[in-house]
Amino acid sequence: MIRKFCIIFIFTFAIFAKSQTNSSEHLSGFAVVSLNYKHSPKWNAYLELQERSIEDFSKPDYYEIKGGIGYNLDKSNQFFVGLGRYATYKESRIANEEFRIWLQHTYSINLDKLKIDNRIRLEKRFFHNAITDVNTNDERYRFRTALTLPLNSDKMAPKTIFANAFDELFIGPNGDLFKRNRIFGGVGYVFNSSVSTNLGYMWQRELSPNLRSLHFLYLAFNFTLDRAKLGHHEPYNVAD
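Thresholds, definitions, all that
Residues numbered from 1 in each chain as written. Predicted model: local features only at pLDDT ≥ 70, side-chain atom pairs only at ≥ 80, totals over all residues. Heavy atoms only, no water. Helix = DSSP H or I, 4+ residues; strand = E, 2+ residues; numbered from the N terminus. Buried < 20%, exposed > 50% of the residue type's maximum accessible area, 1.4 Å probe, protein only. Contact = heavy atoms within 4.5 Å. Areas by Shrake-Rupley, 256 points an atom, 1.4 Å probe, with all protein chains shown as cover. Pairing = 2+ DSSP bridges. Axes fitted to C-alpha atoms, helices over the stretch in contact; angles between N-to-C directions. 1 Å grid on protein atoms, 1.4 Å probe; cavity = no way out; pocket = protein on both sides within 12 Å on 5 of 7 lines; lining within 4 Å. Points joined across faces, edges and corners; volume = space filled by probe spheres on them. pLDDT = per-residue confidence, 0-100. Phe/Tyr/Trp six-rings, centres within 6.5 Å; stacked < 30°, edge-to-face > 60°. Lys NZ or Arg CZ within 6 Å of the ring centre and 35° of its normal.

- As named in an unreviewed UniProt entry, the protein chain is DUF2490 domain-containing protein, taken from Cloacibacterium normanense.

Okay, structure coming up:
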């Protein structure tokens, strides 16, 4: 079933990409590999590698490496501190580099099989423009609500097909208040307690400093090392 859905999903986006040939908007790529290490009922570590093909679907031009430490206050509340490096390339040369640190809180709610994760993130960002050799910094605040629903099981167990979606708003104190909005919808499959995958579409509306829309085909592989044998009560990974 998941294989059939993936074929239909990719075929649909191939049609969409072709229809956008003469438009300023086109299909972009968003690929993720993540590793979540659950050390104990309270502590976990997270690492993520990401690449995007923003200007041309066939040519990656943006990379991320980030990670951090999470603390589970209880099954509904998680606190996390993270840092990362982000690089944008133009004509195969680095154009802008960012170092980022952040603090976040995620509050989770379960409504029968539906899991709702509400996340607040505060970011401090340091930029280096490789073209002009200028350094700047900024702050940004992110608010996201994510939904995860198992489709053929009562919980996120091995061999589970699931649907997920989220909406995330980005705001900041400098310039225009509203910076960006992201809307995501997709499906995934839990192979076992250590491996899962997620395929979806994300619409990213840039509001400041320039107005534009980005359409991403999203693909992720998520790996978990569950030393504490906790199962899946932590917030489930979605596009970040």
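The rest of the description comes next.
## Side note on the overall build of the protein chain
- Secondary structure assignment for the protein chain yields one helix and eleven strands.
- When the helices and strands of the protein chain are read in sequence order from the N terminus, they spell out α-β-β-β-β-β-β-β-β-β-β-β.
- Looking at the protein chain as a whole, 43% of its 240 residues are labelled buried.
- A fraction of 49% describes how many contacts in the protein chain between residues 6 or more apart in sequence connect residues 24 or more apart.
- Working note: accessible area of the protein chain is about 12,900 Å², and carbon and sulfur atoms make up 62% of it.

## Structural notes on the sheet that holds strand 3 (residues 62–72)
- One closed barrel accounts for eleven strands, arranged 1-2-3-4-5-6-7-8-9-10-11; its pairing is mixed. In this sheet, adjacent strand axes meet at a mean angle of 20° when their direction is disregarded.
- Where strand 6 (residues 114–129) lies against strand 7 (residues 134–150), 15 bridges are found, and the strand directions are antiparallel. From the neighbouring strand, Ile116 faces strand 7, where its bridge partner is Leu147.

## A short note on the layout of surface pockets
- Quantified by volume, the largest pocket comes out at close to 950 Å³.
- Among the elements of the structure, strand 3, strand 4 (77–90), strand 5 (93–111), strand 6, strand 7, strand 9 (178–190), strand 10 (195–206) and strand 11 (212–226) are those that each provide at least two residues to the lining of the largest pocket.
- Ranked by residues supplied to the lining of the largest pocket, first place goes to strand 7 with six residues.

## Things to note about the confidence of the model for the protein chain
- Overall, the predicted model of the protein chain reaches an average pLDDT of 88, with 87% of residues at or above 70.
- Mean pLDDT values over the elements of the protein chain span from 49, in helix 1 (residues 2–19), up to 97, in strand 6.
- Low pLDDT, under 50, characterises residues 15–22; the predicted model gives this stretch five contacts beyond four residues in sequence or across chains.

## Here we look at unusual backbone geometry
- The linkage connecting Ser208 with the following residue, Pro209, adopts the cis geometry, with an omega of 10°.
- Note on placement: Pro209 falls in the loop between strand 10 and strand 11.
- The phi angle at Glu91 is positive, at roughly 50°, despite the residue not being glycine.
- Along the chain, the position of Glu91 falls in the loop between strand 4 and strand 5.

## Digging into the pairing of strand 7
- Between strand 6 and the antiparallel strand that follows it, strand 7, lie four residues; Asp133 among them carries a positive phi value of about 60°.
- Bridge count between strand 7 and strand 8 (residues 160–171): ten bridges; the pairing is antiparallel. Looking across to strand 8, one finds that Thr148 is bridged to Asn164.

## Observations regarding the packing of aromatic side chains
- Counted by the stated rule, this structure contains nine aromatic pairs.
- For the pair Phe30 and Tyr218, a centre-to-centre distance of 5.4 Å together with 55° between the ring planes defines the contact as tilted. Within this pair, whereas Phe30 is found in strand 1 (residues 27–38), its partner Tyr218 is found in strand 11, the two being separated by 188 residues in sequence. Each member of the pair, Phe30 together with Tyr218, is buried.
- Taking 6.5 Å as the distance between ring centres and 35° as the angle between the ring planes, the aromatic pair formed by Phe99 and Phe126 counts as tilted. Of this pair, Phe99 sits in strand 5 while Phe126 sits in strand 6; the two residues are 27 residues apart in sequence, bridging distant segments of the chain.
- On the accessibility criterion, Phe99 (40% relative accessible area) is partly exposed.
- The structure contains a cluster of three or more aromatic residues connected by ring pairs, namely Phe30, Phe166, Phe184, Phe216 and Tyr218.
- Seen from the ring of Tyr86, Arg100 lies directly overhead, with NZ or CZ sitting 3.8 Å from the centre.
- In this arrangement the basic side chain of Arg144 is found over the ring face of Phe166, its NZ or CZ atom lying 5.3 Å from the centre.

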